Amino acid sequence: MSAPTGPDSALVDLLGLVAYGELLAFDRLAADARLAPDLRRRAALSEMAAAEIGNYRRIADRLAALGTPPDDAMAPYVAALQAYHDSTEPKDWLEAVTKAYVGDAITDDFLRKIADGLNEPERQLVLDVLHDSRYAEFAAAEMRTAIAADPRVANRLSMWARRLVGEALSQAGRVAAADRGALTALITREGVDVPALFRRLTAAHTARMAAVGLNN
């Protein structure tokens, strides 16, 4: 498959990346819902999954409006993103909510920064599909409750969160390797200081870990 050409190449690549991320998030949350210890929690994750597939449809529709089949735009990122989720499959409920809390937030921070370089309506579209704060609050509450009940849980979840971050960084490298140049150009064309960006992402992650009682 040839790379997209023309002035919208970077936009198509970015939307393809976001679309596949949303599709995978739906798959992950729908599966993780079965780990829930009760129906209330199962319903909460199922609602999160429904939101992800709704977000996917919005991105896919925009890609189609730009003249690019969504599956073509997503294809370069399938292997990299699937590898991340395959290597970080949660074994239980607490690992599932920690993954939602840690992994989704890092992705959202990154996309929020990249959206700054987009024109409308794509800028608002990307911002609109970022995760609802109530889902992060739900995950954080689950983690705090578990740690309060058994402080030893904090060490296990801290190790799991560090693994998630390490895999996310490896994923970023795989995405960069899959990129055909246009997406990289989008990230740098606004003069983004990439090392500084990753320092900010790391600082925000550290703060989120502390907020739920985990060690960085």
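Everything numeric here is computed off the predicted structure, so don't read it as measured data. Every chain begins its residue count from 1, and numbering advances along the sequence as written. The predicted nature of this model means local features are confined to residues of pLDDT at least 70 and side-chain atom pairs, given and counted, to a pLDDT of 80 or more, with totals for whole chains, interfaces and linings taken over all residues. As a convention, hydrogens and water are excluded, and side-chain values are obtained from all of the structure's heavy atoms.

### Description of the overall build of the protein
Next up, step 1: What counts as a helix is a DSSP run of H or I of at least four residues, what counts as a strand is a run of E of at least two, and both are numbered from the N terminus. What the protein contains, in helices and strands, is ten helices and zero strands.
Next up, step 2: Along the chain direction, N to C, the helices and strands of the protein fall in the order α-α-α-α-α-α-α-α-α-α.
Next up, step 3: Burial statistics for the protein: of 216 residues in total, 47% are counted as buried. Working definition: with a 1.4 Å probe on protein chains only, accessible area under 20% of the residue-type maximum means buried, over 50% means exposed, and in between means partly exposed.

### Details of the environment of valine 18
Next up, step 1: Inspection of the secondary structure assignment puts valine 18 in helix α1 (residues 9-32).
Next up, step 2: Under the relative-accessibility criterion, valine 18 is labelled buried at 5%.
Next up, step 3: A C-alpha to C-alpha distance of 9.8 Å links valine 18 and leucine 130, two positions 112 residues apart in sequence.
Next up, step 4: With residues up to four places along the chain from it excluded, the contact list for valine 18 reads Ile59, Leu111 and Val129. By definition, residues are in contact when any of their heavy atoms lie within 4.5 Å.

### A look at the side chain of lysine 99
Next up, step 1: Counting through the fold element by element, lysine 99 comes out in helix α5 (residues 93-115).
Next up, step 2: Buried and without a salt bridge, lysine 99 has aspartate 32 as its closest oppositely charged side chain, separated by 6.0 Å.
Next up, step 3: Setting aside residues no more than four positions away along its own chain, lysine 99 makes contact with Arg28, Tyr84, His85, Thr88, Glu89, Pro90, Asp104, Trp160 and Leu164. Neither His nor the chain termini are counted; the positive set is Lys and Arg, and the negative set is Asp and Glu. Each salt bridge in this description consists of a side-chain nitrogen of Lys or Arg and a carboxyl oxygen of Asp or Glu lying within 4 Å of one another.

### Quick notes on helix α7 (residues 133-149)
Next up, step 1: With 17 residues, α7 should reach 24 Å at 1.5 Å per residue; the first-to-last C-alpha distance of 24 Å fits that figure.
Next up, step 2: When α7 is considered as a whole, its buried residues turn out to be Tyr135, Phe138, Ala139, Ala140, Glu142, Met143, Ala146 and Ile147. Here the expected length of a helix is defined as 1.5 Å per residue gap, with one fewer gap than residues.

### Some details on the pattern of salt bridges
Next up, step 1: Scanning the model with the defined rule gives 13 salt bridges in all.
Next up, step 2: The salt bridge involving arginine 112 is made with aspartate 109; its shortest N-O contact spans 3.2 Å. Within this pair, arginine 112 and its partner aspartate 109 are both found in helix α5, separated by three residues, close to a single helical turn.
Next up, step 3: A salt bridge links aspartate 150 to arginine 152; the nearest nitrogen and oxygen atoms lie 3.0 Å apart.
Next up, step 4: Residue aspartate 150 is classed as partly exposed on the basis of its relative accessible area of 25%.
Next up, step 5: Looking at arginine 152, the relative accessible area reads 66%, which means it is exposed.

### So, the nonpolar core
Most often, soluble globular proteins have nonpolar side chains that are buried together.
Next up, step 1: For the purposes of this section, nonpolar cores are sets of buried Ala, Val, Leu, Ile, Met, Phe, Trp, Tyr and Cys residues that join through side-chain atoms within 4.5 Å. Leu45, Trp93, Leu94, Tyr101, Val102, Met143 and Leu214 are the most contacted members of the largest nonpolar core, which totals 33 residues.
Next up, step 2: When residues of this core are traced back to their parent elements, those giving at least two are α2 (39-65), α5, α7 and α8 (153-178).
Next up, step 3: A per-element tally of this core places α8 first, with eight residues.
Next up, step 4: Once residues within four sequence positions are removed from consideration, tryptophan 93 is found in contact with Asp32, Leu35, Ala36, Pro37, Arg41, Leu45, Phe138 and Glu142.
Next up, step 5: Leu24, Ala115, Leu118 and Leu130 belong to the second-largest nonpolar core, a separate cluster that totals 26 residues.

### As for the packing of α1 against helix α4 (residues 78-87)
Next up, step 1: For helices, the fitted axis covers only the stretch in contact; all axes are lines through C-alpha atoms, and the angles between them, taken along N-to-C directions, range from 0 to 180 degrees. Look at α1 against α4: their axes get within 10 Å of each other, and the N-to-C directions meet at 30 degrees. The orientation of α1 relative to α4 falls into the category roughly parallel. Along this stretch, α1 crosses α4, giving a crossing that reads as right-handed. Mapping the contact onto sequence places Leu17, Tyr20, Gly21, Leu24 and Arg28 in α1 and Val78, Leu81, Gln82 and His85 in α4. Oblique is the label for any angle not under 35 degrees, not over 145, and not in the 65 to 115 range, which are roughly parallel, roughly antiparallel and roughly perpendicular in turn. Should the near helix be turned anticlockwise from the far one by less than a right angle, the crossing is termed left-handed; should it be turned clockwise, right-handed.

### As for the packing of α1 against α5
Helix packing geometry: the angle between the two helix axes and the distance between the axes.
Next up, step 1: Where α1 meets α5, the axes come as close as 12 Å, and the angle between the chain directions of the two elements is 165 degrees. Considering their axes alone, α1 and α5 lie roughly antiparallel with respect to each other. As α1 runs across α5, the sense of the crossing is left-handed. Packed against α1, whose contacting residues are Leu14, Val18, Arg28 and Asp32, the element α5 presents Trp93, Ala96, Lys99, Ala100, Asp104, Leu111 and Ile114 at the interface.

### Description of α2
Next up, step 1: Over its 27 residues, α2 runs 39 Å from end to end, which matches the ideal 39 Å to within 8%, given 1.5 Å per residue.
Next up, step 2: All of the buried residues in α2 are Arg41, Ala44, Leu45, Met48, Ala49, Glu52, Asn55, Tyr56, Ile59, Ala60 and Leu63.
Next up, step 3: For α2, the elements touching its buried residues are α1, α3 (70-74), α5, α6 (122-128) and α7.

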